[in-house]
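# A structural walkthrough
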Amino acid sequence: MTPPDVTIRAARPSDLRHLAAVEDAGVPLFSEHFGDAIAPVLLTPAPSGLDRELEPGFLLVAAVAGEVVGFAHVTDQDGHAHLEQLSVLPEHGRRGIGSALVQAAMEEARWAGYDDMSLCTYRDVPFNGPFYARLGFAEVERLEAYQQRLHEHEIALGLDANGVRVVMSRRLGRQ
């Protein structure tokens, strides 16, 4: 359920300039969790909102009093919806905004004709794998070709230096 003071909507052009800062604000959470062993890729500045907007797929934002406090970026991967990024400003965390963004992204993807949604994440980081499992995502045992490519790309970036990276997926059928 979306908190009452939060609006989730399609990203507007004026929202794009805020997305990288929202994503970068999450770096301290990973730094705190991984400590000095944090993989350098996690410290790399986030792509711009314009770069995200140019990819096939869609962007949703969560706003409080008109201020962007979170976003979900869903890309099209060989005809499949893939949750590329979910970010919420830490000061707005633990209020259900991330969950609401994922739910809205799944609904948007379903209406766009996708049958499922995948994502890549750390299996054992509490605000990653376990969070998505609570939302009905399950670890994929046999990766499809597009999932294998995404997983291999993450390994090439060095994301596995901080723990097991997994692909998770969820069906988007009608309730």
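Scroll up to find the structure this text is about.
Here the residue index of a chain counts from 1 through its sequence in written order. Residues qualify for local features only when their pLDDT is at least 70, as the model is predicted, and side-chain atom pairs are given and counted only at 80 or more; totals for whole chains, interfaces and linings, by contrast, use all residues. To get the side-chain values, all heavy atoms of the structure are used, and hydrogens and water are removed first.

### Topic: the overall build of the chain
Helix and strand definitions here come from DSSP, where helices need a minimum of 4 consecutive H or I residues and strands a minimum of 2 consecutive E residues; each element is numbered from the N-terminal end. Assigned secondary structure in the chain consists of six helices and seven strands. Moving toward the C terminus, one meets the helices and strands of the chain in the order β-α-α-α-β-β-β-α-β-α-β-α-β. To get the radius of gyration, use the C-alpha atoms; to get the globule rule, take the number of residues to the power 0.38 and multiply by 2.2 Å. In terms of C-alpha radius of gyration, the chain reaches 15 Å, essentially the compact-globule figure of 16 Å for 175 residues. The classification of residues rests on relative accessible area computed with a 1.4 Å probe and restricted to protein chains. Under 20% of the type maximum is buried, over 50% is exposed, and intermediate values are partly exposed. Taken over 175 residues, the chain has a buried fraction of 47%. In this description, contact between two residues means that some pair of their heavy atoms is separated by no more than 4.5 Å. Within the chain, contacts between residues separated by at least 24 positions form 68% of all contacts whose residues are at least 6 apart in sequence. Each accessible area is a Shrake-Rupley estimate made with a 1.4 Å probe; only the visible protein chains count as cover when residues are assessed. About 9,300 Å² of surface is accessible on the chain, with carbon and sulfur atoms providing 52% of the total. Side-chain charges in the chain split into 15 positive and 25 negative, and the spacing between the mean points of these groups amounts to 7 Å. Asp and Glu count as negative and Lys and Arg as positive, but His and the ends of the chain are not part of the count. Where a charge lies is defined by one atom per residue type: Lys uses NZ, Arg uses CZ, Asp uses CG and Glu uses CD.

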